[in-house]
Amino acid sequence: MAKVLVVTSGKGGVGKTTTTAALGAALAQSGQSVVVVDFDVGLRNLDLVMGAERRVVFDLINVVQGVAKLPQALIRDKRLESLWLLPASQTRDKDALTDEGVGRVIDELRSRFDWILCDSPAGIERGATLAMRYADEAIIVTNPEVSSVRDSDRIIGMLDSKTVRAERGERVEKHILITRYDPGRAARGEMLNIDDILEILATPLLGIIPESQDVLKASNVGTPVTLNNAESAPARAYVDASRRLMGEEVAMTVPAERKGFMNRLLGRRAA
Amino acid sequence: MSMRLLRLFGGRTATAPVARERLQILLSHERGLLGQSDLLVTLREEILAVVSKHIQLDPDKVMVKLERGKSVSTLEVDIEVPNNFDNKALGERRMAG
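Read on for an overview of the structure. (Residues numbered from 1 in each chain as written. Chains lettered and ligands numbered in written order. Predicted model: local features only at pLDDT ≥ 70, side-chain atom pairs only at ≥ 80, totals over all residues. Heavy atoms only, no water.)

What follows concerns the overall build of chain B. Helix and strand counts for chain B come out as three helices and two strands. Going residue by residue from the N terminus, the α and β elements of chain B occur as α-α-β-β-α. Taken across its 97 residues, chain B has 16% of its residues classed as buried. Across chain B, contacts joining residues at least 24 apart in sequence account for 35% of those joining residues at least 6 apart. On chain B, roughly 7,800 Å² of surface is accessible, and the fraction owed to carbon and sulfur atoms is 56%. (Helix = DSSP H or I, 4+ residues; strand = E, 2+ residues; numbered from the N terminus. Buried < 20%, exposed > 50% of the residue type's maximum accessible area, 1.4 Å probe, protein only. Contact = heavy atoms within 4.5 Å. Areas by Shrake-Rupley, 256 points an atom, 1.4 Å probe, with all protein chains shown as cover.)

Here it is in structure tokens:
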């Protein structure tokens, strides 16, 4: 049965788009049919991170408004047969998406795919509410940083009240994904640790993505990080997270600090 | 032990515990506020509806305040009644009812 999953956060720049692309690719690689949908109307970045920016002709708004049919707007990934993208539009009209129209598109996607991953815009405005509206599950992307955790708390409140499931008295299954985790800084007590975040947000953990240059390298070349360098630490963490989404039991690996002898002696990391 | 050594060498202090504490205080406050505002809006509307059945009211002159104390919480309702408020009409209605 098709699952609608929203990737959301309160604060911007925490890694929602990277996460949508990486998890979408990881799910598709394990044989699931996946569509990633960009809900960030006006900003639109998922196509860029997926490396499909030059292939966008029609977008989500065109489909919602009936200008284009869904198959005309769907872009198949160049690398993976079962991975598709429904891009967002650059329009500045924030009200171009309607609740009813989004509902219709999600319904149509449900009949075609196993997974529908919705990349939400940041914040608590209408765009974010629409992206989560029809979700069965939610991934709240959080950095180990006070403002990010605080905003995640607001988003969790919205998931529990503003979604169709919540209004029907059902649950949206929620997961926390911690990104940009720096084990060295956490060990030195300079960064909120995982237990603190989970305790404060009272939501189960889906995965921990270590801070890594591989994430930037992958987005530079427009390839989901799980495809760009499958052996890298963030790629492996995303693959583990995708397996947990599919219901597998995968042991949680907390990224460990790698330090050289000199660094240890000096008590700091090399720049 | 290693933490202490690091602090000795680097002169750094662990700020994460402070962050954790600040967040816990802030969020418990915000969660309370958010829950409260919904309740207050509902109370305000319903009280207004009941009172306006009998008295003409200016909706802006109704104030509902909820204060949460440790052992006792108070609900304060302040309704400004217009000067030409018809006492007699209300009395008659009461007699009839």
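The number of helices and strands found in chain A is 14 helices and eight strands. What you see for chain A is a C-alpha radius of gyration of 18 Å, in line with the 18 Å of a compact globule of 271 residues. For the C-alpha atoms alone, the extent of chain A along its principal axes is close to 65 × 40 × 35 Å. Counting the 271 residues in chain A, one finds 57% classified as buried. In chain A, of all internal contacts separated by at least 6 residues, the share reaching a separation of at least 24 is 75%. Of the roughly 12,200 Å² of accessible surface on chain A, a fraction of 48% belongs to carbon and sulfur atoms. (Rg over C-alpha atoms; globule rule 2.2 N^0.38 Å.)

With that out of the way, let us pick up unusual backbone geometry. All names here are of chain A. Unusually for a residue other than glycine, Arg-44 sits at a positive phi of about 55 degrees. Here Arg-44 is to be found in the loop between β2 (34–38) and α2 (46–49). One non-glycine residue, Ala-202, lies in positive phi territory at about 50 degrees. Note on placement: Ala-202 falls in the loop between α10 (194–201) and β8 (205–210). Taking the relative accessible area as the measure of exposure, Ala-202 reaches 67% and is therefore exposed.

A few words on the packing of aromatic side chains. Residue and element names in this part refer to chain A. On inspection of all chains with the given rule, the structure shows one aromatic pair over all chains. Ring plane angle 65 degrees and centroid distance 6.4 Å describe the contact between Trp-84 and Phe-113, whose orientation is recorded as edge-to-face. Separated by 29 residues along the polypeptide, Trp-84 in strand β4 (residues 83–86) and Phe-113 in the loop between α5 (99–110) and β5 (115–119) bring together distant segments of the chain. Among the residues examined, Trp-84 registers a relative accessible area of 22% and is labelled partly exposed. Take Phe-113: its relative accessible area is 6%, and that puts it in the buried class. (Phe/Tyr/Trp six-rings, centres within 6.5 Å; stacked < 30°, edge-to-face > 60°.)

All names here are of chain A. Burial analysis of β5 places five of its five residues in the buried class, the great majority of the element. Burial along β5 is two-sided: the face carrying Trp-115, Leu-117 and Asp-119 and the face carrying Ile-116 and Cys-118 are both buried. As paired strands, strand β1 (residues 3–8) and β5 are joined by five bridges and run parallel to one another. Looking at β5, one finds that Leu-5 is bridged to Leu-117. Where β2 and β5 come together, five bridges link them in parallel fashion. Its bridge partner being in β5, Asp-38 is matched across the sheet by Asp-119. (Pairing = 2+ DSSP bridges.)

Backbone hydrogen bonds are what pair the strands of a sheet, in a parallel or an antiparallel way. Residues and elements named next belong to chain A. Spatial strand order, β3-β4-β2-β5-β1-β6-β7-β8: eight strands in an open sheet with mixed pairing. The strands lining the two open edges of the sheet, one partner per strand, are β3 (75–76) and β8. Of the strands in this sheet, β6 (137–142), β7 (173–181) and β8 are in contact with α10, which crosses β7 at around 150 degrees. With respect to the sheet, helix α13 (residues 233–245) is in contact with β1, β5, β6, β7 and β8, its orientation differing from that of β8 by roughly 170 degrees. (Axes fitted to C-alpha atoms, helices over the stretch in contact; angles between N-to-C directions.)

Because an α-helix packs 3.6 residues into every turn, residues spaced three or four apart end up facing the same way. An ideal rise of 1.5 Å per residue puts 16 Å on twelve residues; α5 of chain A measures up with 16 Å between its terminal C-alpha atoms. When we look at burial in α5 of chain A, the residues that qualify are Gly-101, Val-102, Gly-103, Val-105, Ile-106 and Leu-109 of chain A. (Expected span 1.5 Å × (residues − 1).)

With a side-chain oxygen positioned 3.0 Å from the backbone nitrogen of Asp-214 of chain A, the residue opening helix α11 (residues 213–220) of chain A is Ser-212 of chain A. Positive phi appears at Gly-222 of chain A, one or two residues downstream of α11 of chain A, with a value of about 70 degrees. (Polar contact = N/O pair within 3.5 Å; in protein donor to acceptor, adjacent residues only side chain to side chain.)

Looking now at the environment of Ala-21 of chain A. Residues and elements named next belong to chain A. If you trace the backbone, Ala-21 turns up in helix α1 (residues 16–29). Measuring from C-alpha to C-alpha, the distance between Ala-21 and Arg-188 comes to 32 Å, with 167 residues separating the pair along the chain. In contact with Ala-21, not counting residues within four places along its chain, are Leu-46, Val-49, Met-50 and Pro-224.

The next subject is the nonpolar core. All names here are of chain A. Within the largest apolar cluster, 51 residues are counted, with the highest numbers of intra-cluster contacts made by Phe-39, Leu-86, Leu-109 and Ile-116. Here Ile-116 is in contact with Ala-2, Lys-3, Val-4, Leu-5, Val-35, Val-37, Ile-106, Leu-109 and Arg-110, once residues within four sequence places are set aside. Among the nonpolar cores identified, the runner-up in size contains 33 residues, and Leu-46, Ala-52, Ala-237 and Leu-245 belong to it. (Core = buried A, V, L, I, M, F, W, Y, C linked by side-chain atoms within 4.5 Å.)

Right, let's get into the side chain of Asp-47 of chain A. Residue and element names in this part refer to chain A. Relative to the helices and strands, Asp-47 resides in helix α2. Among the residues examined, Asp-47 registers a relative accessible area of 2% and is labelled buried. In this structure the side chain of Asp-47 is engaged in a polar contact, spanning 2.7 Å, whose partner is the side chain of Arg-44. Residue contacts for Asp-47: discarding those within four places in its chain leaves Asp-38, Ala-52, Glu-53, Val-56 and Leu-85.

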